Amino acid sequence: MELKLFNTMDRRLETFKPLTPGEVRMYTCGPTVYNYAHIGNFRAYMFEDLLHRVLAYFGYRVIQVMNLTDVDDKTIRDSRAQHLALKEFTAKYIEAFFADLKTLNITPAAVYPAATDHIGEMIRLIQTLIDKGYAYQAEDRCIYFSIDKFPSYGRLARIDRENQRSGVRIKNDEYAKDAVADFALWKAWDDNDGEVAWDSPWGKGRPGWHIECSAMAMKYLGPTFDIHTGGIDNMFPHHEDEIAQSECANGCQYVNYWLHCAHLMVNGEKMSKSAGNFFTLRDLLAKGYSGREVRYVLLGAHYRKKLNFTFEALDQARETLKKFDALFVRLKAVTRPGDGKECGELLADADAAFRTALADDLNIAEATAAVFLLQRGANSQLDSGNLSQAGAQKLLAQFRNFDEVLGFFRVDEAVEAVIPPAIAALAEQRLAAKKARNFAEADALREQLKAAGWLVEDIPGGFRLKMLD
Ligand code: AMP
Ligand code: ZN
């Protein structure tokens, strides 16, 4: 099936064709490890995980690189404020980041290169840019990229040449579009950098943020690779600057497909550290939510649409996932003989709808609709009493298959824990009492279940247990 992706460079859907058949090389801008990542950041990593999983689902071998920005303006500022060595300061947040990725069931990248381990590569790349005439040392001893030497500068972010101020220099890692100017590749050491410095041909200093990603992407993926991703706020200046550096140094196209995700919002505002309207994953876990509930919420909208974060959405996710858990338990209990053909059409429809949706620029809303279609179909087959064990197993296999992309189901693990054996035993006793027309005992057992937090419902051929709120 053809996979269509929205390429930010051309602002249109394009059929994905990798450089090497069957293989995708992809770079994702990773976290700046100066604090715990918030769930807005994780929306970006979740989108990248979805992309990774969909590519794998469609049969590609995915080589994903995600860097760790462990030296930049913010890491230096905050490590100094806490009187910690840079490495010591960032180590804590790197460890937390990996723990969070695990909690959210985000597929690991092939490599997580840290910027401080690649200073040599960055220096060599800057030297190439100087040698080729694209970069220069200014009076402040910093090295800058000269944007007027690269005629297509501004193409990704659509900035007209008239608005570009070549010769004017900007040293900060982060700046807005109206400040577009020559940007720093190497920053000469100053007092604010404290202990953080490396030797270079241009004196003691440290790399700018943008050159870090160019150097690491090139090292692990080559001068041209398939996909580069990030949050939409990375598009300018970060990605624009990466393109300029890499294409000028290597003389070839840097990236074939640029993909950017929209922001996670809170009450109409972007979730961000600076706005103070953020939740870390830890905040949510402390409130009793699980990683898979957060995962469900973060996958709740198309990646190019803004997603509003609410606690209602998390509660809703809990209810939805509980219903799936209960469905899997019921499916596992089916023992009726048969060949499973009764599910054939339902399975084919849901599978086709799921694939078609994902191939259309990762349309997760439509893909989830296909999953709900299967859920409804499975429940009604269970309720009708016509479902065979073979059919139930096929349905379970289809949910497992969907979960290769979704990653929030528990088709197998922990499913037994959903209905405790003692509760199931009580429900069985009640069913037996009813069949023996011993209604007083059946009612007493129903009350006993209720007291334990479970509602038992009669359905053709058996019962269904629901957890009471
Ligand atoms: P940073 O650690 O600030 O470099 O950000 C890491 C990633 O998170 C980048 O790809 C950002 O674009 C992304 N990001 C930051 N805030 C949000 C948000 N509210 N919604 C989605 N992505 C975000
Ligand atoms: Zn980057």
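As the structure is a computational prediction, the values presented were derived from the model and not from experiment.

Rules used throughout
Per chain, residue numbering runs from 1 following the sequence as it is written. All chains are assigned letters beginning with A, and all ligands numbers beginning with 1, in the order in which they are written. Residues qualify for local features only when their pLDDT is at least 70, as the model is predicted, and side-chain atom pairs are given and counted only at 80 or more; totals for whole chains, interfaces and linings, by contrast, use all residues. Each side-chain value is derived from all of the structure's non-hydrogen atoms; neither hydrogens nor water enter the calculation. Two strands pair under a simple rule: DSSP has to find at least two bridges between them. To qualify as a helix, a DSSP run of H or I must reach at least 4 residues; to qualify as a strand, a run of E must reach at least 2; elements of each kind are numbered from the N terminus. Each metal's donors comprise the N, O and S atoms found within 2.8 Å of it (within 3.2 Å for Na, K or Ca). Water is not part of the atom list, so some coordination spheres may appear incomplete. Put simply, two rings from Phe, Tyr or Trp (the six-membered ring, in Trp's case) pair if the centres are within 6.5 Å, and we call them stacked under 30 degrees between planes, edge-to-face over 60, tilted for the rest. Only protein chains enter the calculation, and the probe is 1.4 Å; a residue is then buried if its accessible area is under 20% of its type maximum, exposed if over 50%, and partly exposed in between.

**Let's talk about the sheet that holds strand β12 (residues 264-266)**
At step 1: Across the sheet, which stays open at both edges, the 3 strands sit in the order β13-β12-β14 with mixed pairing between neighbours. At either margin of the open sheet sits one strand with a lone partner, and together these are β13 (269-270) and β14 (307-308).

**Brief notes about the coordination of the zinc ion (ligand 2)**
At step 1: Around the zinc ion (ligand 2), the protein contributes the donor atoms Cys29 (SG), Cys213 (SG) and His238 (NE2), at 2.0 to 2.2 Å from the metal centre.
At step 2: Each donor residue of the zinc ion (ligand 2) belongs to the same chain, with the gaps between them written as C-x183-C-x24-H. With Cys213 in helix α5 (residues 209-221) and His238 in helix α6 (residues 235-250), this pair connects stretches of sequence that are 25 residues apart.

**Overview of the packing of aromatic side chains**
At step 1: On inspection of all chains with the given rule, the structure shows 35 aromatic pairs.
At step 2: A centroid spacing of 5.1 Å and a plane angle of 85 degrees characterise the contact between Tyr36 and Tyr93, whose relative ring orientation is edge-to-face. Placement of the pair is Tyr36 in the loop between β3 (23-28) and α1 (39-57) and Tyr93 in helix α3 (residues 86-103), with a sequence separation of 57 residues.
At step 3: With a relative accessible area of 7%, Tyr93 lands in the buried category.
At step 4: Residues Phe324 and Phe328 carry aromatic rings whose centres are separated by 6.2 Å and whose planes lie at 40 degrees to one another, so their mutual orientation is tilted. Of the two residues, Phe324 and Phe328 both sit in helix α9 (residues 311-333), 4 residues apart, roughly one turn of that helix. For the pair formed by Phe324 and Phe328, the shared burial category is buried.
At step 5: Members of the aromatic cluster, connected to one another through ring pairs, are Tyr296, Phe324, Phe328, Phe372, Phe399, Phe408 and Phe409.

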